[in-house]
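Coordinates in review
What follows is the residue order along each chain.
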Amino acid sequence: MPEMSPLGWFHTAMGIIALVSGGMALIKFKEITLQSRSGQTYLASTLVTAVTALAIFKHGGFGPAHALAVMTLLALAVGMLASLTGLFGKFSRYVRAIGFTSTLLFHSIPAITDALLRLPVDDPFLASFEDPIMQKAHLAVVVIFLVGLAVQLRWIHQQRD
């Protein structure tokens, strides 16, 4: 793995702040919203993380991490539209939850990838992105996301009653 640039370190720090604040928002409020400090911190740090990801080219060109950054920006935009407008009507809260919570998945995939390929520093867990353990780790994150999102959407539905 190449050494990290100052932008890479900043990007990583913002990503960690995003993951922690997003987790806090979900644990405390069961959803990420603009109304909570943890939600605001999550959304701001997620925006910065996605934008800085687009400026990092450690493997030469546009890659999967850049695609995740673009998907993150799109999910943030949809979530913000749902939060700030009546565009989605009675489904706005669901759309917001799907948009904002999806960004956690988009954060988690590169976080797991980098952690497995970089840590511990002198002897990383994995040597290659193609390692079957990497694929299983990514699958586990997707399954956790899908289960968590289903629980969250069910909770939101129950709040309507």
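Below: a short report on this structure. (Residues numbered from 1 in each chain as written. Predicted model: local features only at pLDDT ≥ 70, side-chain atom pairs only at ≥ 80, totals over all residues. Heavy atoms only, no water.)

The next subject is the overall build of the protein. Within the protein, the secondary structure is distributed over five helices and zero strands. Reading the protein from its N terminus to its C terminus gives the helix and strand order α-α-α-α-α. Taken over C-alpha atoms, the radius of gyration comes to 16 Å for the protein, in line with the 15 Å a tight globule of 161 residues would show. Over its C-alpha atoms, taken along the principal directions, the protein stretches across nearly 55 × 30 × 25 Å. By the burial criterion, 38% of the 161 residues in the protein qualify as buried. Within the protein, counting contacts between residues at least 6 apart in sequence, those at least 24 apart form 60% of the total. (Helix = DSSP H or I, 4+ residues; strand = E, 2+ residues; numbered from the N terminus. Rg over C-alpha atoms; globule rule 2.2 N^0.38 Å. Buried < 20%, exposed > 50% of the residue type's maximum accessible area, 1.4 Å probe, protein only. Contact = heavy atoms within 4.5 Å.)

Our focus in this paragraph is unusual backbone geometry. Negative phi is the rule for most residues except glycine; trans is the rule for most peptide bonds. Note that the residue after Leu 119, namely Pro 120, is joined by a cis bond; omega there is -15 degrees. Structurally, Pro 120 is set in the loop between helix H4 (92-118) and helix H5 (132-159). Backbone geometry at Lys 30 places phi at a positive 70 degrees, although glycine is not the residue there. With respect to the helices and strands, Lys 30 occurs in the loop between helix H1 (6-29) and helix H2 (37-53). A residue is classified by how much of its surface remains accessible, and Lys 30, at 41% relative accessible area, is partly exposed.

Okay, the packing of aromatic side chains next. For the structure shown, the criterion picks out one aromatic pair. On the numbers, 6.5 Å between centres and 50 degrees between planes, the contact of Phe 91 with Tyr 94 is tilted. Residue Tyr 94 is classed as buried on the basis of its relative accessible area of 15%. (Phe/Tyr/Trp six-rings, centres within 6.5 Å; stacked < 30°, edge-to-face > 60°.)

Its 27 residues place the ends of H4 39 Å apart at the C-alpha level, agreeing with the 39 Å of an ideal helix rising 1.5 Å per residue. For H4, a buried count of 20 out of 27 residues is recorded, marking the element as mostly surrounded by other parts of the structure. (Expected span 1.5 Å × (residues − 1).)

All chains considered together, the criterion is met by two salt bridges. Here Glu 31 ties to Arg 93 by a salt bridge, and the two come within 2.5 Å at their closest N and O atoms. Of the two residues, Glu 31 sits in the loop between H1 and H2 while Arg 93 sits in helix H4, which places them 62 residues apart along the sequence. Of the charged contacts, one joins Arg 96 and Glu 31 as a salt bridge, the two residues approaching to 2.7 Å between their closest N and O atoms. Placement of Arg 96 in helix H4 and of Glu 31 in the loop between H1 and H2 is noted, with a sequence separation of 65 residues between them. (Salt bridge = Lys/Arg side-chain N within 4 Å of Asp/Glu carboxyl O.)

Attention now goes to the environment of Glu 31. Note on Glu 31: relative accessible area 7%, which makes it buried. Taking C-alpha positions, Glu 31 is 7.7 Å from Thr 101, a pair spaced 70 residues apart along the chain. Looking at Glu 31, its side chain comes within polar contact range of the side chain of Arg 93, at 2.5 Å. (Polar contact = N/O pair within 3.5 Å; in protein donor to acceptor, adjacent residues only side chain to side chain.)

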